[in-house]
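Listed below, chain by chain, are the residues.
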Amino acid sequence: VCGYQNRFKNLIRYLKAAGTDVLVITPGRLITEDLSANERREPLEYEGCKVVETLGFEFPWYEKLTMSFALSPKVLSEIRSFEPDVIHCS
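Remember, it's a predicted structure, so these values are computed and weren't measured experimentally.

Definitions and limits used
Residues numbered from 1 in each chain as written. Predicted model: local features only at pLDDT ≥ 70, side-chain atom pairs only at ≥ 80, totals over all residues. Heavy atoms only, no water. Core = buried A, V, L, I, M, F, W, Y, C linked by side-chain atoms within 4.5 Å. Buried < 20%, exposed > 50% of the residue type's maximum accessible area, 1.4 Å probe, protein only. Contact = heavy atoms within 4.5 Å. Pairing = 2+ DSSP bridges. Helix = DSSP H or I, 4+ residues; strand = E, 2+ residues; numbered from the N terminus.

## Considerations on the nonpolar core
Phase 1 of the analysis: In terms of nonpolar packing, the biggest core is built from six residues, these being I12, V22, V24, Y46, C49 and V51.
Phase 2 of the analysis: Residues within four places of V22 in sequence aside, it is in contact with I12, L15, K16, C49, K50 and F82.

## Section: the pairing of strand β3 (residues 49-59)
Phase 1 of the analysis: The pairing of strand β1 (residues 23-30) with β3 spans six bridges and is classified as parallel. The partner of P27 across the bridge, within β3, is T54.
Phase 2 of the analysis: In this structure, strand β2 (residues 45-46) lies alongside β3, joined through two bridges in antiparallel fashion. Its bridge partner being in β3, E45 is matched across the sheet by K50.
Phase 3 of the analysis: In textbook terms, the turn of a hairpin is the stretch between consecutive antiparallel strands, and for β2 and β3 this stretch comprises two residues, one of which, E47, has a positive phi near 55 degrees.
Phase 4 of the analysis: As judged from the three bridges shared by β3 and strand β4 (residues 62-67), these two strands associate in the antiparallel manner. In the sheet register, E58 faces β4, and the bridge partner there is T66.
Phase 5 of the analysis: Here β3 hands over to β4 after two residues, the two strands then running antiparallel side by side.

Listed below in structure tokens is the structure:
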């Protein structure tokens, strides 16, 4: 568990407590893994919020940090159907 993870978990909890609808988009499996299997790394939901996985890649200088460009058609479709007022990227 790292500071980023705790910060995002707390942000999601606070937003939900304030009555805000939240959609979580996060890196899941790495692009270097076998993608033929239909497995997930992340849960389907967190604190009542839908979680959408994107393909990720290891950050070259810090392998514990998984990154993603998150601009796949799947992600764009999820965002369009969610119709957010605000998007927080980090």
